[in-house]
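Survey of secondary and tertiary structure
The primary structure of each chain is shown beneath.
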Amino acid sequence: MKKVLMIILGLSGLGLSAQKKWSLRECVDYAVEHNLQVIQNQYSKQIQDVNLKIAQKNYLPSVSANFGNSVSFGQASLGTGSIRNDRFSNNANLSADILVYNNGRLEKTIRKTQFDVEASQYDIETIKNDISLQIAQQYLTTLLNKEIVKISQSATENAKKQFDRAKITTEVGTTAQTIVAEAEAAWAREKQNLKTAEINVGRSLFALAQLLQLQDYKDFDVENVQIGDQLSPQLISVDEVLNTAYENQPQIKAAESRIKSAIAQTEVTRTAFWPTVTASVGIGSFYNNLLNTSFSGFDQFGNSLKEPSIFKQYKDNFGQQGGISVNIPIFNKGITRLQVEQSKVNESIAKNSLDQQKQVVKQNVQKAQFDVDANYEVYLAAKEAEKSTKLAMDFADKSYAAGRGTIYDLNIARNNYANAQGSVEQAKYNYLFSLKLLNFYAGIPLSL
């Protein structure tokens, strides 16, 4: 019994998990964490991070060791004759060199790479912002479609009531058969509208799940956020929003970092006009062994000498060396000067890119401001239209009930009211998104 209970509770837990409804914040956080484009740019930043580490490591000396072995067999010439020369030789060397002077090339390269790292990080933030705005727009579209479903449900219920009433009056003979047929047709049209609205909700949820790149989208749903009908106009000026956007938007900061990187690259390129000084040190030793004899010569008394061991030779032949080399550029066909000119052009390109980014941000802010004002006016007009069509529908309903109006007039009035309700919701969510977009550029995080 215990096991059965645990299984039931587990299945219940799975059901609750499947019914989870996502908030806008959850959607945005999930998207920026799992989006493949964001991940791709994170890899690009990792490359820049490694480039920075490489530039910093160039301060350290380069150390290398080498070992060599060689063997030879056969005759070697000696005067007019020859001598047997079967020989094995071995050598070992350890050397190090370090850059002493290059007019600050290493420091300037590090600084240039740091600006590249900054720019790549801002690129990631730019993509995250773009994805967040797409998520917010699609999220609000989904909420709008859910509101339209509610309107369609109400219209369907009213059409059903109208059909039921027409059916009763027709059965008792007070209205013609055409009345109940028209009422049934109106009910069928509203049911069709409701089904279309429900499909639109599913379609918008599917589109949102695609933006989130969810594998399982069939049980995906969003929170039913209640948006008040009393919307207020925004009071932030365009200049305030623009000043904040220029300071905080990552695409602007990325362009500024790339200008600094281009200037630093010009400084790096100019170092090629200056000499490069490198210091080096090294130690080493060697060993020789005649394979065809152990005799290596005579001492001062004429006694034959035995060939020393490898350790003895390594000790006796041990040596050290050190040196400083200076590489002075004299003439390289004017290539360095042309490279400096090329770097200056890249500076101009980076500055122009910043101007372009500022222009795009300015246009987006101005468009958002225009949309906010326009959508708010449309919302106010839609509210007035909804109020008047509601009054017209009430009069048409009373007139039909009193026998002074036709069912056709009533259906037209109901359709007009439903359309007016849909226009109000459309205007409300259009205004809400344009306001969220403007607030986003003003530095206010996306939320509902």
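As a convention, each chain's residues are numbered from 1 in the sequence order in which they are written. Local features in a predicted model are, by the rule used here, given only for residues with pLDDT of at least 70; side-chain atom pairs are given and counted only at 80 or more, and totals for whole chains, interfaces and linings are based on all residues. To obtain the side-chain values, all non-hydrogen atoms of the structure were used and water was disregarded.

Bringing the pattern of salt bridges into the picture now. Where side chains of opposite charge bring their charged atoms close, a pairing between them can arise. Throughout this description, the term salt bridge denotes a Lys or Arg side-chain nitrogen within 4 Å of a carboxyl oxygen of Asp or Glu. This structure, assessed with the given rule, holds 20 salt bridges. We note a salt bridge from aspartate 394 to lysine 390, for which the minimum N-O separation is 3.0 Å. Taken together, the residues span about one helical turn, with aspartate 394 and lysine 390 both in helix 9 (residues 335-401) at a distance of 4 residues. Under the relative-accessibility criterion, aspartate 394 is labelled partly exposed at 26%. Residue lysine 390 is classed as partly exposed on the basis of its relative accessible area, which comes to 31%. Put simply, aspartate 397 and arginine 414 hold a salt bridge, and the shortest N to O gap is 3.6 Å. Highlighted residues: aspartate 397 in helix 9 and arginine 414 in helix 10 (residues 407-441), separated in sequence by 17 residues. Each of Lys21, Lys146 and Asp221 takes part in salt bridges that share partners, so that together they form one network. Strands are runs of DSSP state E lasting at least two residues, helices are runs of H or I lasting at least four, and both sets are numbered from the N terminus onward. Think of it in three bands: with a 1.4 Å probe and only protein chains considered, a residue is buried below 20% of the maximum accessible area for its type, exposed above 50%, and partly exposed in between.

Two numbers describe how helix 3 (residues 36-57) lies on helix 4 (residues 105-171): the axes approach to 9 Å, and their chain directions differ by 170°. Our classification of the angle between helix 3 and helix 4 gives roughly antiparallel. Only Asp, Glu, Lys and Arg are considered charged in this grouping, and only Ala, Val, Leu, Ile, Met, Phe, Trp, Tyr, Cys and Pro are considered nonpolar; every other residue, Gly among them, is considered polar. For the contact of helix 3 with helix 4, the class distribution of residues is 8 nonpolar, 11 polar and 5 charged. Throughout, an axis means a line fitted to C-alpha atoms (over the contacting stretch in the case of helices), and angles, computed between N-to-C directions, take values from 0 to 180 degrees. The cut-offs work like this: below 35 degrees is roughly parallel, past 145 is roughly antiparallel, 65 to 115 is roughly perpendicular, and the gaps in between are oblique.

Along the chain, threonine 269 turns up in helix 7 (residues 250-270). Not counting residues within four places of it along the chain, the set of residues in contact with threonine 269 comprises Thr336, Gln339, Val340 and Ser343. Contacts were defined at the residue level, with two residues in contact if any of their heavy atoms lie within 4.5 Å.

Two distance rules govern patches: like charges are joined within 9 Å, and nonpolar side chains (Val, Leu, Ile, Met, Phe, Trp, Tyr) within 5 Å, applied only to residues with over 30% relative accessible area and no salt bridge. Using a 1.4 Å probe, accessible areas were evaluated by the Shrake-Rupley method; residue-level cover was limited to the displayed protein chains. Together, Ile98, Val100, Tyr101, Phe273 and Trp274 give the surface a local cluster of nonpolar side chains, amounting to about 460 Å² of exposed area. Relative to the elements of secondary structure, valine 100 occurs in strand 4 (residues 87-101).

Close inspection of predicted coordinates is inappropriate in any region flagged by low pLDDT. For every residue, the predictor reports its confidence as pLDDT, a number between 0 and 100. Of all residues in the protein chain, 88% attain a pLDDT of 70 or more, and the chain-wide mean is 85. The weakest mean pLDDT in the protein chain belongs to helix 1 (residues 2-18) at 41; the strongest belongs to helix 7 at 95. Here residues 1-18 is a poorly scored stretch, pLDDT under 50, and it has 1 contact once near neighbours within four places are set aside; other chains count.

Take the side chain of lysine 108 next. If you trace the backbone, lysine 108 turns up in helix 4. No salt bridge is formed by the buried lysine 108, whose closest oppositely charged neighbour, glutamate 267, lies at an N-O distance of 5.3 Å. For the purposes of these results, a polar contact is taken to be a pair of N or O atoms within 3.5 Å, where, inside protein, one atom must be able to donate a hydrogen and its partner to accept one; residues adjacent in sequence count only when each atom of the pair is a side-chain atom. Looking at lysine 108, its side chain comes within polar contact range of the main-chain oxygen of asparagine 103, at 3.3 Å. Ignoring sequence-local partners within four residues, the contact set of lysine 108 consists of Asn103, Ala264, Glu267, Val268 and Thr271. Asp and Glu count as negative and Lys and Arg as positive, but His and the ends of the chain are not part of the count.

For an α-helix, the turn length of 3.6 residues means that residues three or four places apart are oriented alike. Taking 1.5 Å of rise per residue, the 22 residues of helix 3 would be expected to cover 32 Å, and the 32 Å separating its terminal C-alpha atoms lies within 8% of that figure. Within helix 3, the full set of buried residues consists of Val38, Asn41, Lys45, Leu52 and Ala55. Summarising the axial view, the buried residues of helix 3 lie within an arc of 85°, below the 170-degree limit, and thus occupy one face. Seen from the open side of helix 3, the exposed residues pointing more than 90 degrees away from its buried face are Leu36, Ile47, Lys53 and Lys57. The inward-facing, buried residues of helix 3 abut helix 2 (24-34) and helix 4. Two to three positions downstream of the cap, the backbone nitrogen of glutamine 37 sits 2.8 Å from a side-chain oxygen, assigning the N-cap of helix 3 to asparagine 35. To estimate how far a helix should reach, multiply one less than its number of residues by 1.5 Å. In this context, the arc is that of the directions from the helix axis out to the C-beta atoms.

Turning our attention to the sheet that holds strand 1 (residues 62-72). Pairing between the strands of a sheet is mediated by backbone hydrogen bonds and can be parallel or antiparallel. Think of it this way: DSSP has to see at least two bridges between two strands before they count as a pair. The sheet built from 4 strands is open, its strands ordered 1-4-5-8 with antiparallel pairing. Looking at strand neighbours, the two that pair on one side only are strand 1 and strand 8 (319-327), the edges of this open sheet. Neighbouring strand axes in the sheet, compared pairwise and without regard to direction, differ in orientation by 20° on average. With 9 bridges connecting them, strand 5 (residues 276-290) and strand 8 associate as antiparallel partners. From the neighbouring strand, valine 277 faces strand 8, where its bridge partner is valine 326.

Time to look at the nonpolar core. Considering soluble globular proteins, one finds that nonpolar side chains tend to be buried as a cluster. Think of a nonpolar core as a cluster: buried Ala, Val, Leu, Ile, Met, Phe, Trp, Tyr and Cys residues, connected wherever their side-chain atoms sit within 4.5 Å. Ranked by internal contacts, the top residues of the largest apolar core, which has 54 residues, are Cys27, Ile135, Tyr139, Leu212, Phe220 and Tyr441. Secondary structure elements with two or more residues in this core: helix 2, helix 4, helix 5 (177-212), helix 6 (238-248), helix 7, helix 9 and helix 10. Of the residues forming this core, the biggest block, 11 residues, is contributed by helix 4. Sequence-distant contacts of phenylalanine 220, defined by excluding residues within four places in its chain, comprise Trp22, Cys27, Leu205, Leu208, Ala209, Leu212 and Leu214. Listed in part, the 14 residues of the second largest apolar core include Ala159, Val180, Trp187 and Leu410.

Another aspect to go through is the packing of aromatic side chains. Pairs of aromatic rings are described using the distance from one ring centre to the other and the angle between the two planes. Ring geometry is summarised as follows: Phe, Tyr and Trp rings, the Trp one being its six-membered ring, pair when their centres sit within 6.5 Å, and such pairs are stacked at plane angles under 30 degrees, edge-to-face over 60 and tilted between the two. Applying the stated criterion across every chain, the model contains 6 aromatic pairs. Note on tryptophan 22 and phenylalanine 220: the rings are 5.6 Å apart at their centroids and 65° apart in plane angle, and the pair reads as edge-to-face. With a gap of 198 residues between them, tryptophan 22 in the loop between helix 1 and helix 2 and phenylalanine 220 in the loop between helix 5 and helix 6 connect regions that are remote in the sequence. Of the two residues, tryptophan 22 and phenylalanine 220, neither departs from the other in class, the shared state being buried. With a centroid separation of 5.3 Å and 50° between ring planes, the pair formed by tyrosine 376 and tyrosine 431 is classed as tilted. Taken together, the positions of tyrosine 376 in helix 9 and tyrosine 431 in helix 10 put the pair 55 residues apart, joining distant regions of the chain. The exposure classification of tyrosine 376 matches that of tyrosine 431, with both residues buried. Following the ring pairs from residue to residue traces out a cluster consisting of Trp22, Tyr30 and Phe220. Its end group placed over the ring of tryptophan 22, lysine 20 keeps NZ or CZ at 5.5 Å from the ring centre. Cation placement over rings: the criterion is NZ of Lys or CZ of Arg within 6 Å of the ring centroid and within 35° of the ring normal. The aromatic ring of tryptophan 187 is capped on one face by lysine 160, whose charged end is 5.4 Å from the ring centroid.

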